[in-house]
Amino acid sequence: MQAMDIEKVNSMDFGEFVDVFGNVIERCPLIAAAVWSQRPFSNLEDLEKHFFAFIDALPQSGQEGILRCHPDLAGRELQRGTLTAESQREQRSAGLTSLGADERLRLAELNAQYRARFGFPFVLAALLSDPAAVRRELARRLHRPPAQELRTALGEVKKIGHLRLADLLGAHSAGL
Ligand SMILES: NC(=O)N[C@H]1NC(=O)NC1=O
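Keep in mind the model is a prediction, meaning the values are calculated, not measured. (Residues numbered from 1 in each chain as written. Predicted model: local features only at pLDDT ≥ 70, side-chain atom pairs only at ≥ 80, totals over all residues. Heavy atoms only, no water.)

A look at the overall build of the protein chain
When helices and strands are tallied, the protein chain shows 10 helices and 0 strands. Ordered by position from N to C terminus, the α and β elements of the protein chain give α-α-α-α-α-α-α-α-α-α. Relative to the compact-globule value of 16 Å for 176 residues, the protein chain shows a C-alpha radius of gyration of 16 Å, a close match. When its C-alpha atoms are laid out on the principal axes, the protein chain stretches across 50 × 35 × 30 Å. Buried residues in the protein chain amount to 46% of all 176 residues. Considering only residue pairs separated by 6 or more positions, the protein chain has 67% of its internal contacts joining residues 24 or more positions apart. Of the charged side chains in the protein chain, 22 are positive and 23 negative; the average position of the first set lies 7 Å away from that of the second. (Helix = DSSP H or I, 4+ residues; strand = E, 2+ residues; numbered from the N terminus. Rg over C-alpha atoms; globule rule 2.2 N^0.38 Å. Buried < 20%, exposed > 50% of the residue type's maximum accessible area, 1.4 Å probe, protein only. Contact = heavy atoms within 4.5 Å. Lys, Arg positive; Asp, Glu negative; His and termini not counted. Charge placed at Lys NZ, Arg CZ, Asp CG, Glu CD.)

Concerning the pattern of salt bridges
Side chains carrying opposite charge are able to pair once their charged atoms draw close together. This structure, assessed with the given rule, holds 15 salt bridges. Across the pair E156 and K159 runs a salt bridge whose closest N-O atoms are separated by 2.9 Å. Remark: K159 and E156 occur in helix α10 (residues 146-168); sequence separation between them is 3 residues, near one turn of the helix. The class of E156 is buried, set by a relative accessible area of 10%. (Salt bridge = Lys/Arg side-chain N within 4 Å of Asp/Glu carboxyl O.)

Focus on empty space enclosed by the protein
Following the criterion strictly, the structure yields 1 cavity of 30 Å³ or more and no others. Its volume calculated, the largest cavity comes out at about 110 Å³. Around the largest cavity, the lining comprises 13 residues; the ones closest to its centre are H70, P71, L73, L124 and I160. Elements with a contribution of two residues or more to the lining of the largest cavity: α7 (85-93) and α10. With 3 residues, the top contributor of residues to the lining of the largest cavity is α7. Counted by class, the lining of the largest cavity contains 7 nonpolar, 3 polar and 3 charged residues. (1 Å grid on protein atoms, 1.4 Å probe; cavity = no way out; pocket = protein on both sides within 12 Å on 5 of 7 lines; lining within 4 Å. Points joined across faces, edges and corners; volume = space filled by probe spheres on them. Nonpolar A, V, L, I, M, F, W, Y, C, P; charged D, E, K, R; others polar.)

Topic: the site of the ligand
Around the ligand sit P71, L73, S87, E90, F122, V123, L124, A125, A126, I160 and R164, and that is every residue in its neighbourhood. Interatomic distance of 2.8 Å between a backbone N/O atom of P71 and a nitrogen atom of the ligand. Between the ligand and S87 there is a distance of 2.7 Å, counted from an oxygen atom to a side-chain nitrogen or oxygen. Coverage of the ligand by the protein amounts to 100% of the 290 Å² it exposes when considered alone. Taken atom by atom, the bulk of the ligand overlaps the largest cavity. The residue makeup of the shell around the ligand, split by class, is 8 nonpolar, 1 polar and 2 charged. (Near = heavy atom within 4 Å. Polar contact = N/O pair within 3.5 Å; in protein donor to acceptor, adjacent residues only side chain to side chain. Areas by Shrake-Rupley, 256 points an atom, 1.4 Å probe, with all protein chains shown as cover. Sits in = over half its atoms within 2 Å of the grid points.)

Some remarks on the packing of aromatic side chains
Scanning all chains against the criterion turns up 7 aromatic pairs. When the centroid spacing of 6.0 Å and the interplanar angle of 65° are considered together, the rings of Y114 and F120 count as edge-to-face. For the pair Y114 and F120, a shared accessibility class is recorded, and that class is buried. Judged by centre distance (5.9 Å) and plane angle (20°), the rings of F118 and F120 are stacked. Take F120: its relative accessible area is 2%, and that puts it in the buried class. An aromatic cluster is defined as three or more aromatic residues linked by ring pairs; in this entry it consists of Y114, F118, F120 and F122. (Phe/Tyr/Trp six-rings, centres within 6.5 Å; stacked < 30°, edge-to-face > 60°.)

Fair warning: the whole summary comes from geometry, so function is off the table for now.
Structure, rendered in C-alpha cells:
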C-alpha cells in the first residue's frame, strides 16, 4: 500500500475506507465503518482520535469483545497461517514466527492461564517487541487486578492501531 495523505482519506467512499482501514483495530471493521461517518478528518491524529473514542465509548462487554477478536501471540493461528496480514507482520517482527517448540509451549501455557483468569486473550503491541519481553509482560500482567488489566490491554489495542494507521499513512510513528 502506498503512503497517502489526509485529502485522499477524506475523499474515500465507504467501501474503499473500510477496505483500507477495516483492520486498524484487529478484525473489527465495524469501527472503521462507524468512523467513516465522521469525516472529514484534519490529519492522521484526528482520524486516530475517532477510532479511540469509539473504543472508549463502548460498554465493558464491547471492549472485551474487541480484545477477543485478537489472535494469541505465537498461537494456533500463527501455526496454521490464518493470521491477518497485519498481525502476521507484527508477530514476525517480534520474532514470534521463529520460536523453538519449548518457547512456543511456554507462551501457550501463559496465554491459557491469562485467558482463564481474565476471559480475553493477552494483547500486546508486538511490532517493537521480542520473545523475552512478551513472556515477561505476560507473566507480570497475569497477576494484576482485572479492571486495571482491561485498561492496560485496551491501551495495547490503541498502540497497535496507532502503528497500523501510521504505516498506512506513511507517517513515522515518532512524528505523530
Ligand atoms: N494477542 C495480541 O496481542 N495480538 C496482536 N498483537 C499485535 O501486535 N498484533 C496482534 O495481532
